[in-house]
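A closer look at the structure
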Amino acid sequence: MTRARSRSVPRPAPRGVSPLAVYRMEAIVVRVQPFAESDRLATLLSAEHGRVRAVARGAQKGRSTLSAAVQPFVRARMLLWHGRQLDGVAQAEILDAHGGVARDVGLLAAASYCCDLADAFSVERQEAGALYGGLSAALDLVAAAAARPAPAVVLRWFELSCLGCSGFLPELAVCTACGAPVGDPQGRSRLSASGGGILCDGCSGTDPHGLWLSPNTLRGLRYLAGATAEALARVRVGPGTMAEMDAALAAHIGAVLQRPLRSRALLQALT
Ligand SMILES: [Zn+2]
């Protein structure tokens, strides 16, 4: 047992790291940046450990397995070692590189945005099973580049997933000002990003910055908030409804994160 463990320790073993201070996890690489002379600093998302920042030694140079695995969008089985300040990736086996996203710049931007969202909505070292499952499914769908679901549908669904996982799902069933139920809309409804959800007709004036949503947009948001990834292939959204859903979720996410996501601006520039 001891011998088997010692064999899986990276070479060269980092100084001061006990051979037993290693752990395994399946993770998706959500961000990569050059680090030191030849290393990469990766931000990983895993179900068990949430967001983990780890250095991949030597990954910036050469064509090693580690170098191929520590790339954005890659889902991999990893062996990591605990470091004093940063953990390190010792070994990685690629499960899915999501290479399909490289087919066009729109898919690449969509996948980057998914990773940015996962990064922003995850917490370091805090279990993130639902978020990890959502990101994995979203990247699978974007990389598949199928006609349906359209990448925009996947993005709206994943935005709602991120909000749901973190407890910030917009309230879409009752008025956030007075608590009255808001049923199937007959006309436009107002969504208050600062108030955290929908307003009834009587309260629609309480947030002058609120966005007006068509009945189809509210129905679409409600549907996607409860949909599984498998159900998305059946979803068709017209361009007007999609534009409203996009604006509504952008406003809501902006209110939650209080900072812009660069990849979202890129995505908007491409559409
Ligand atoms: Zn109300």
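Please read these numbers as outputs of a predicted model, since none were measured by experiment. (Residues numbered from 1 in each chain as written. Predicted model: local features only at pLDDT ≥ 70, side-chain atom pairs only at ≥ 80, totals over all residues. Heavy atoms only, no water.)

Protein coordination at the zinc ion comes from Cys175 (SG), Cys178 (SG), Cys200 (SG) and Cys203 (SG), with a distance range of 2.2 to 2.3 Å. Geometry at the zinc ion is tetrahedral, judged from its four donor atoms and the angles of 103 to 114° they form at the metal. Within one chain, the residues donating to the zinc ion are spaced in sequence as C-x2-C-x21-C-x2-C. Taken together, the residues span a long stretch of sequence, with Cys178 in the loop between helix H5 (151-165) and strand E6 (189-192) and Cys200 in the loop between strand E7 (197-199) and strand E8 (211-213) at a distance of 22 residues. Among the residues examined, Cys178 registers a relative accessible area of 46% and is labelled partly exposed. (Donors = N, O, S within 2.8 Å, 3.2 Å for Na, K, Ca; no water. Tetrahedral: all angles 85-135°; square planar, octahedral: opposite > 155°, others 65-115°. Helix = DSSP H or I, 4+ residues; strand = E, 2+ residues; numbered from the N terminus. Buried < 20%, exposed > 50% of the residue type's maximum accessible area, 1.4 Å probe, protein only.)

Turning to the packing of H5 against helix H6 (residues 215-226), a few remarks are in order. Two quantities define a packed helix pair, namely the angle between the axes and the distance from one axis to the other. Two elements in contact, H5 and H6, have axes separated by 8 Å at closest approach and are oriented at 70°. By the criterion of interaxial angle, the relationship of H5 to H6 is roughly perpendicular. Crossing angle aside, the handedness with which H5 passes H6 is right-handed. For the pair H5 and H6, the contacting residues are Val153, Arg156, Trp157 and Leu160 in the first and Leu221, Leu224 and Ala225 in the second. Split into classes, the residues belonging to the contact of H5 with H6 amount to six nonpolar, no polar and one charged. (Axes fitted to C-alpha atoms, helices over the stretch in contact; angles between N-to-C directions. Parallel < 35°, antiparallel > 145°, perpendicular 65-115°, else oblique. Left-handed = near helix turned anticlockwise from the far one by under 90°. Contact = heavy atoms within 4.5 Å. Nonpolar A, V, L, I, M, F, W, Y, C, P; charged D, E, K, R; others polar.)

The subject of this paragraph is the domain arrangement of the protein. It is common to give the size of an interface as the accessible area that goes away when the parts come together. What the domain assignment lists for the protein is domain 1 (2-96) and domain 2 (100-270). The partner domain 2 presents 22 residues to the 21 residues of domain 1 that form the contact. Between domain 1 and domain 2, the buried area comes to about 1,700 Å², and carbon and sulfur atoms account for 54% of it. Interface area lost by domain 1 to domain 2 is led by Leu45, Arg51 and Phe73, which between them contribute 41%. The interface formed by domain 1 and domain 2 contains five salt bridges. With its nearest N and O atoms 3.8 Å apart, the salt bridge here joins Arg51 to Glu124. (Domains from an automatic or database assignment. Buried area = accessible area lost by both parts, 1.4 Å probe. Salt bridge = Lys/Arg side-chain N within 4 Å of Asp/Glu carboxyl O.)

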